[in-house]
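Residue-level structure breakdown
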Amino acid sequence: MTKTDSKTIRALRGLLMLGAAVGMTGTAMAQEQLEEIVVTGSRIARTNLNSTVPLNVVGETEIRFAGFTNLADAVSAAPQLAPALNGQSSGGFLFVGGQSRVDLRGLGTNRTLVLVDGKRHITGALDSSAVDLNTIPTSMVQRTEIITGGASAVYGSEAVAGVVNVLLRKDFQGVEVDSSYGITEHGDGQEMQHSAVFGAKFDEGKGYILAGVEYTKVDSVLADDRNWASPGITFNTLVTPNTSIQNPKSRTGRGGVFRTLVANPGAGPLAANAQAGVSIDFETRSVQGLNANCLAPRNNPTAATPLCDDPSLDYTSIYTTLQGESERLLGRAYGSYQINDYVKMTAEIGAASVDSSNPRAQPAFTGTASFRHNVRRDNAFLAGTSANAVELRRIFDANGLTAPTASAELYRFTEEFGQRVIEQQRDMIRTVIGFEGDFEAGDRTVKWDTYYQYGQLDGKSLNRGQFNKDRYARQLDSVIDPATGRPICRDLLSTDAGVRAAAAGCIPFDWLNGPSQAAIDYSKATSVTIGQASQQVAAFNVTTDLFDLPAGPLGIAVGAEYREEKSDQETDSATAQGLLFTNAIPRRKGGYDVAEYYAEALVPLLSDMFLAKELTLDGAYRWADYSTVGGVSQWKVGLDYTPVDDIRFRGTYSESVRAPNIIELYAPTGENFTGTQQDPCDRSRVATLTGEARNIRVANCTRDIPGYNAATFDSNIGTGRSSLRLLQGGNVNLNEETAETFTIGTVIQPTFLDGFSATVDYYDINIKDAINLPALSGVFQACYDTAGGSPLCQLIVRDQTGARTNVVGGVDSVSLTQSNIASFKNRGIDFSVAYGFDLKDMLDAAKDDSRIDLSLQGTHLLQYDFVAQAGQAARKYAGTAGTPSWKLSGTASYSDDVFTFAWTTRFEDNQVADETLLPIADGQPLPRIPFYTGDVWYHDVRVLYKVTQDLVLRAGVQNVMNDRPPNHPTVYQGTGSATSGNWDNRGRFFYAGVNVKF
């Protein structure tokens, strides 16, 4: 082996010992990075690639040639990354459809800092500071470097959990064209990507330019095209312990369901706990009595839900999208010019245009906390001669609803307005201009760089299938016009001129036999949201070796950075006022700026001594002055110790901060809804208490609810009942989050086994004063279980008359704002093993250039506790769905000069779907059987074939075994929930591609 080859192997081993290369690109990367390099996590260049923090590298092959059409999916195999927004989870969220984000340690995407070439990047959405990796063209990516643990001292806020640094290509010459196509075995979920890149030098090598464009299209996958997802499964709460059964049908029918009428007409007058039992079939518009499995008393509406299977009703899975649609057009240009021996100018511009939608979504419906509709006995469409009208009148009369004002509540999907499809469009541009160079100061070389960057995001979101609640309610409440004998909106007959004026143009809505198009057009609406975010950054950095110590030069880096962030999101006036079915979303506008200064030092303490081959101290300090939270500081200290060539020890301790982002600071009070909160005053909840605890609860409920009776009060909220309206918003008085991070580990490189390395690192992250909305359950607990009440009671608004909730004293809303009240504790062990060797060394018959590369990396999560607010019990997420105790990723590959084959596997161990399924204390009975997900294995294979040096074909299969998501009731499948990105919803996926260079 030549001297050069030995250096290459040593460099490769250096990358591997930092937790680096997975797969087939390690050798190429090592050869390219043989010289001085700035490793993510430090701004000081290091020739030996050593780092005091674990570093994971995902190379070009995994990013560009493994069948992924977006960067986030390509790097997601790294065990340190938790599921985040991707194509299988983002389509149902406002303004984030088609996005892909990364989440280190599961601490949240807003606590993971994404850099591009060591610089910040404009946010990908108006609801978060997180970066959308779909705006970064994969054809331009050279590699990504991932460090976990606090890095705020080096890079600033958002680096609490760590940093993902995307390094782009800057040296390619020629023309490269790439094209790929993929499809599931079901014939859906098609993905195609086409790109072209051009690079060239000019002016005798002083100048360089690189330009490229990339187009990607991803098609949808629907739930009813997968037998495991439609209709899905749920818990049978009618038996103890619970069992797992098929999902029931929705008791909100596509035609309509009267949920306050008895199933058997003539059975007697309507009782207080009368069962819902009459539906209007969507197809035939015929009135039918629901079967017994769909009946439920009004005071306990969930009693029979799990078995509901009436043929006139539908499974909600017919509206579920497993993967949304998206279309992206990305472009990037980079250029540099060596002005003289000391100064080089660089410039870069990137642009992205992203369109996305979720092609199916549940229609708007009546029967929510914010929109109810009661049909009165004198309704115009009950007065008709059709069989449906006659049948409904008979049912009303048989149950004593004979007075004109007598009414029954109507629950129905508004199919006439279409499904609530969210269509989103975002345009992003990012420009960077900078200068860099070096000069001699005495016998020292001083390197410097400075740059200015500007990024802007413009977005528009259309939420279709909405209706104007005022107009819809007005046209539903129609009567027979005594002057014409035809239906007319009741308000048009009002003696109040103002009421008549507001109802001008109202067209009656025939909810029984089908409305006219004019009636649909009168109240149909589309919610429109537009917005813009911008980012400006100016920075200056200097690095040099300050002076020589006995063990080597003392390296330093100092610098300053100014950053300004702005965001403005505005909805149409109807949405802002809460007039549409969607939540009320007022305008949100805000911004902040920050000036930061940092210093970093690399101090060699010992070298080339007995049991001290190398001992290096690494430290950094950063001070920032925010226009919002004021001055904050952060720091880190690390130690790297190599006693002998075969083993190295490393460790860091740091204190990081995260300043509140624009959304957390300036989000106006808007509406949200939850269906899980129980009312402590409900008779079923009070019945569980005894002694003084019961007396305190009853006294507090009596204070807030007119005529309260603990034995009879049935609240409007609770599981299976109406959703609770939450009023949530930002808080300009927020402070920064603080995080303490400790890591310690070892790197093993046995000199007797060339090409082998192993790493083990322990990490411990504690986040205090984390920003979070107050826990809803904590607000209720403090208010009703504290003697004399609590100041938190003012956050709960009760309906004193029953006008809004249909229950006197029902819960109308709860107000919550962002606060520094939460905490996280996350600790575990990361490890990696890598071994590569020339096959010729083991088999004489092998080709001279054939090679085997093996790698395995993983993480063992020891603890993940989240406390929503002080005084609350910790949610223990370790080992629950999305945060497995064990997560592994491994690759085995064979390669020679023309052919490469690689097999990759991903493993997650058995997870309990929800920590609330576990016993609360030893010996306490389980609330339900703890269902588990089972171990999850995914296998991918890929092949590359070099027809020529410039023509490479590739093909592969993702999820070779066609493994489906766990068959578990609480595992949600479908866009609109972040947990749906935990598992593969598509199934087996085939792809092929070609890469040509000229």
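Residues numbered from 1 in each chain as written. Predicted model: local features only at pLDDT ≥ 70, side-chain atom pairs only at ≥ 80, totals over all residues. Heavy atoms only, no water.

**Details of helix α6 (residues 387–398)**
- Here α6 contains 12 residues, and its C-alpha end-to-end distance of 16 Å stays within 8% of the 16 Å for a straight helix at 1.5 Å per residue.
- When α6 is considered as a whole, its buried residues turn out to be Asn388, Ala389, Leu392, Arg393, Ile395 and Phe396. Burial along α6 is one-sided: seen end-on, the buried residues are contained in an arc of 160°.
- Against β14 (256–258), β15 (278–280), β16 (287–289), β20 (374–376) and β21 (407–411) lie the buried residues of α6.
- Positive phi appears at glycine 400, one or two residues downstream of α6, with a value of about 80°. (Helix = DSSP H or I, 4+ residues; strand = E, 2+ residues; numbered from the N terminus. Expected span 1.5 Å × (residues − 1). Buried < 20%, exposed > 50% of the residue type's maximum accessible area, 1.4 Å probe, protein only. Arc of directions from axis to C-beta. Contact = heavy atoms within 4.5 Å.)

**A short note on the sheet that holds β16**
- Read from one edge of the open sheet, 5 strands run β16-β15-β14-β21-β20, paired in antiparallel fashion. Each edge of the open sheet carries a strand with a single partner, namely β16 and β20. Mean inter-strand twist for the sheet, computed between neighbouring axes without regard to direction, equals 30°.
- Across 3 bridges, β20 lies against β21 in antiparallel orientation. Its bridge partner lying in β21, valine 375 is registered against alanine 408. (Pairing = 2+ DSSP bridges. Axes fitted to C-alpha atoms, helices over the stretch in contact; angles between N-to-C directions.)

**A few points about the pattern of salt bridges**
- Within this structure, the stated rule accounts for 59 salt bridges.
- Across the pair arginine 120 and glutamate 158 runs a salt bridge, and its minimum N-O distance is 2.8 Å. With arginine 120 in strand β5 (residues 119–120) and glutamate 158 in the loop between α5 (152–155) and β7 (162–168), the pair connects residues that are 38 residues apart, well separated along the chain. By the burial criterion, arginine 120 is buried, and glutamate 158 matches it.
- Between arginine 648 and aspartate 640 there is a salt bridge, and its shortest N-O distance comes to 2.0 Å. In this structure, arginine 648 and aspartate 640 share a single accessibility class: buried.
- Three or more residues are tied together by salt bridges with common partners; here these are Arg120, Glu158, Glu561, Arg563, Glu565, Glu596 and Arg622. (Salt bridge = Lys/Arg side-chain N within 4 Å of Asp/Glu carboxyl O.)

**Some thoughts on the state of the cysteines**
- Applying the stated criterion to the full structure yields 3 disulfides.
- Note that cysteine 489 is cross-linked by a disulfide to cysteine 506, the S-S spacing being 2.0 Å. Looking along the S-S bond of the cysteine 489-cysteine 506 disulfide, the torsion reads about -80°, which is the left-handed sense. Highlighted residues: cysteine 489 in strand β25 (residues 487–489) and cysteine 506 in the loop between α8 (497–502) and α9 (517–523), separated in sequence by 17 residues.
- Given a relative accessible area of 0%, cysteine 489 falls into the buried group.
- Residue classification places cysteine 506 among the buried positions, given a relative accessible area of 8%.
- Between the sulfur atoms of cysteine 681 and its disulfide mate cysteine 701 the distance is 2.0 Å. Judged by the sign of its S-S torsion, about -90°, the cystine formed by cysteine 681 and cysteine 701 is left-handed. Placement of cysteine 681 in the loop between β32 (670–674) and α12 (683–686) and of cysteine 701 in helix α13 (residues 691–704) is noted, with a sequence separation of 20 residues between them. Cysteine 701 matches cysteine 681 in its accessibility class, with the two residues each being buried. (Disulfide = S-S within 2.5 Å.)

**Some details on the side chain of aspartate 896**
- Note that aspartate 896 resides in the loop between β41 (886–895) and β42 (899–908).
- At 2.8 Å, the side chain of aspartate 896 and the side chain of tyrosine 894 are in polar contact.
- Among the polar contacts made by the side chain of aspartate 896, one reaches the main-chain amide nitrogen of phenylalanine 899 at a distance of 2.7 Å.
- The residues contacting aspartate 896, other than those within four sequence positions of it, are Lys847, Asp849 and Ser850. (Polar contact = N/O pair within 3.5 Å; in protein donor to acceptor, adjacent residues only side chain to side chain.)

**Description of the nonpolar core**
- Leu71, Val102 and Ile767 are the most contacted members of the largest nonpolar core, which has 41 residues in total.
- If we ignore the near neighbours within four places in the chain, the residues touching valine 102 are Ala72, Val75, Leu81, Ala84, Thr109, Thr112, Val114, Leu133 and Val164.
- Among the nonpolar cores identified, the runner-up in size contains 31 residues, and Ala364, Phe371, Ala408 and Leu512 belong to it. (Core = buried A, V, L, I, M, F, W, Y, C linked by side-chain atoms within 4.5 Å.)

**Looking at the sheet that holds strand β33 (residues 724–729)**
- If you walk across this open sheet you meet the 4 strands as β32-β33-β37-β36, and the pairing is mixed. The open sheet terminates on both sides in strands that have one partner only, identified here as β32 and β36 (796–799). Across this sheet, the average inter-strand angle for adjacent strands is 25°, counted without regard to direction.
- For β32 and β33, the ladder comprises 5 bridges, and the chain directions are antiparallel. By the bridge assignment for β33, phenylalanine 673 is matched with arginine 725.

**Structural notes on the packing of aromatic side chains**
- Per the counting criterion, the structure on display carries 25 aromatic pairs.
- Ring geometry for tyrosine 835 against phenylalanine 837: centres 5.2 Å apart, planes inclined by 35°, an arrangement best described as tilted.
- Here tyrosine 835 falls in the partly exposed class, since its relative accessible area comes to 25%.
- Using a relative accessible area of 14% as the deciding quantity, one classes phenylalanine 837 as buried.
- Within the aromatic cluster, the residues linked to one another by ring pairs are Tyr319, Phe365, Phe413, Phe417, Phe467, Tyr472, Phe509 and Phe581.
- The ring of tyrosine 451 has lysine 119 lying over it, and the distance from NZ or CZ to the ring centre is 4.9 Å.
- Note that arginine 986 overlies the ring of phenylalanine 989, its terminal NZ or CZ placed 3.9 Å from the centroid. (Phe/Tyr/Trp six-rings, centres within 6.5 Å; stacked < 30°, edge-to-face > 60°. Lys NZ or Arg CZ within 6 Å of the ring centre and 35° of its normal.)

**Comments concerning the pairing of β42**
- Note that β41 and β42 share 9 bridges and pair antiparallel. Across the sheet, residue lysine 887 finds its bridge partner in β42, namely glutamate 908.
- Hairpin connection of β41 to β42: 3 residues between the antiparallel strands.
- When β42 meets strand β43 (residues 936–948), the two strands line up antiparallel, connected through 10 bridges.

**A short note on unusual backbone geometry**
- Look at the link from serine 230 to proline 231: it is a cis peptide, with omega at 5°.
- Locating proline 231 in the fold gives a position in the loop between β11 (221–222) and β12 (233–236).
- The backbone of asparagine 806 shows a phi angle near 70°, a positive value even though the residue is not glycine.
- Summarising the element assignment, asparagine 806 is placed in the loop between β36 and β37 (810–817).
- By relative accessible area, asparagine 806 is classed as partly exposed at 34%.

**What about empty space enclosed by the protein?**
- One pass over the full model with this rule turns up 15 cavities of 30 Å³ or more.
- Lining the second largest cavity are 29 residues; nearest its centre among them are Thr123, Ser128, Ser129, Ala130 and Glu565.
- Those elements that place two or more of their residues in the lining of the second largest cavity are β4 (112–116), β26 (524–549), β27 (552–571), β28 (588–609) and α11 (662–666).
- Considering every element that reaches the lining of the second largest cavity, the biggest residue donor is β27, with 4 residues.
- Across the lining of the second largest cavity, the residue classes break down as 11 nonpolar, 11 polar and 7 charged. (1 Å grid on protein atoms, 1.4 Å probe; cavity = no way out; pocket = protein on both sides within 12 Å on 5 of 7 lines; lining within 4 Å. Points joined across faces, edges and corners; volume = space filled by probe spheres on them. Nonpolar A, V, L, I, M, F, W, Y, C, P; charged D, E, K, R; others polar.)

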